[in-house]
Amino acid sequence: MPTLPREQSEPARPHEARQVAESFGAQAERYDRARPAYPDDLVTRVVDGSPGPEVLDVGCGTGIAARQFQAAGRTVLGVEPDARMADFARARGLRVEVATFESWEPAGRVFDAVVAGQVWHWVDPAAGAAKAAEVLRPRGRLAIFGHVFEPPAEVAEPFAAAYRRAAPDSPFGQQPARRALETYQAGYARIADTIRGTGRFTQPEQWRFDWERTYTRAQWLELLPTTGGLTRLSADQLTEILGTVGDAVDALGGQFTMRYTTLATSAVRTGGP
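The rules we used
Along each chain, residues carry numbers from 1 onward, in the same order as the chain's sequence is written. For a predicted model such as this one, the threshold for reporting local features is a pLDDT of at least 70, and the threshold for listing and counting side-chain atom pairs is 80 or more; totals across whole chains, interfaces and linings nevertheless cover every residue. As a rule here, side-chain values come from all non-hydrogen atoms in the structure, and water together with hydrogens is ignored. Strands were regarded as paired on the criterion that DSSP finds at least two bridges between them. Counting from the N terminus, the helices are DSSP H or I runs at least four residues long and the strands are E runs at least two residues long. Think of each axis as a best-fit line through the C-alpha atoms, taken over the contacting stretch in the case of a helix, with angles from 0 to 180 degrees between the N-to-C directions. The contact rule is simple, with two residues in contact once any of their heavy atoms fall within 4.5 Å. Think of it in three bands: residues with accessible area under 20% of the maximum for their type are buried, residues over 50% are exposed, and the middle band is partly exposed, with areas taken using a 1.4 Å probe on protein chains only. The scheme is simple: roughly parallel for angles under 35 degrees, roughly antiparallel for over 145, roughly perpendicular for 65 to 115, oblique for anything else. By definition, any crossing whose near helix is turned counterclockwise from its far helix by less than a right angle is left-handed, and any crossing with a clockwise turn is right-handed. Just so you know the grouping, Ala, Val, Leu, Ile, Met, Phe, Trp, Tyr, Cys and Pro go in nonpolar, Asp, Glu, Lys and Arg go in charged, and all remaining residues, Gly too, go in polar.

For sheets, the rule is that strands pair by backbone hydrogen bonds, running either parallel or antiparallel. Within the open sheet, the seven strands sit side by side as S3-S2-S1-S4-S5-S7-S6. Their pairing is mixed. Two strands lie at the open edges of the sheet, namely strand S3 (95-98) and strand S6 (205-216), each paired on one side alone. The average angle at which neighbouring strand axes cross in this sheet is 20°, direction not considered. Sheet analysis places S6 next to strand S7 (residues 255-268), joined by 12 bridges and oriented antiparallel. Counterpart to Glu 205 in the pairing with S7 is Ser 266. Running over the sheet, helix H4 (residues 64-71) touches strand S1 (54-58), strand S2 (75-80), strand S4 (111-117) and strand S5 (136-150) and is turned about 170° from S2.

Right, let's get into the side chain of Ser 50. Here Ser 50 shows up in the loop between helix H3 (40-48) and S1. Exposure remark for Ser 50: the relative accessible area of 14% places this residue in the buried category. Ignoring sequence-local partners within four residues, the contact set of Ser 50 consists of Asp 112, Ala 113 and Arg 141.

This brings us to the packing of helix H7 (residues 153-166) against helix H10 (residues 235-251). Where H7 contacts H10, the two axes come as close as 9 Å, and the packing angle between them is 160°. Comparing the axis directions of H7 and H10 gives the class roughly antiparallel. In terms of crossing hand, the pair formed by H7 and H10 is right-handed. For the pair formed by H7 and H10, the contact residues are Glu 154, Val 155, Pro 158, Phe 159, Ala 162, Tyr 163, Arg 165 and Ala 166 on the first element and Gln 237, Glu 240, Ile 241, Thr 244, Val 245, Ala 248 and Val 249 on the second. Classifying every residue of the contact of H7 with H10 gives 10 nonpolar, two polar and three charged.

Within the fold, Gly 254 resides in the loop between H10 and S7. Since its relative accessible area comes to 22%, Gly 254 is described here as partly exposed. It is 8.6 Å that separates the C-alpha atoms of Gly 254 and Tyr 215, two residues lying 39 residues apart in sequence. Gly 254 has contacts with Tyr 215, Thr 216, Arg 217 and Val 249, leaving out every residue within four places of it along the chain.

Here it is in structure tokens:
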């Protein structure tokens, strides 16, 4: 998987890196336009495995996942720390409250499902699992999921080299050009450990969905600036990186096929307090 300087390539305690975590709102419209949705099978599995229609979307961002759950007949409330992202989601018909999940006040509200798409690394893992247990009804489902994606080496390696040149002091530039899927699977196994550690969920399940998407040069260069390590670069740094990546895609004929794997850890809230 590429070490795009992005959410999944953050430091060991990414939930403490609030400046990066809350930098995506500067590109809210592009983020919503360029970021991929989640597999329909994942949404169906969460919906079918929940006892009712009330869904809490943690770190809902612009509402990509929330709109999918709405389309499946669910009633969704989003929690989002970036007011710019929250405003974008509200403008598209979503209910959103601005807060980090750890500090959010549920005011006695409970839900049939708590979902978190591409954001759980920004949540304190132990506090997040405990908060999810607090706001889920018995038999309610927690589902934490995200994409792992791997451009071909002909794109990933020029990107990594350009990033190191443009931002030599960035910790993101120290990552290898590509990382094994097993690295991310291990991360979801650690999420399962924190869920298990609350003592308030059934044995966590690991889900995997494999799919592909073809990107043109323009589509890939649209998505890249929405990734974690690029949201805070200067215009000159970004121009250098995107120019190199664009040349790499051109060398492949102007497009390439991306292999995506969407991973999820899910568990059901047990009965009782």
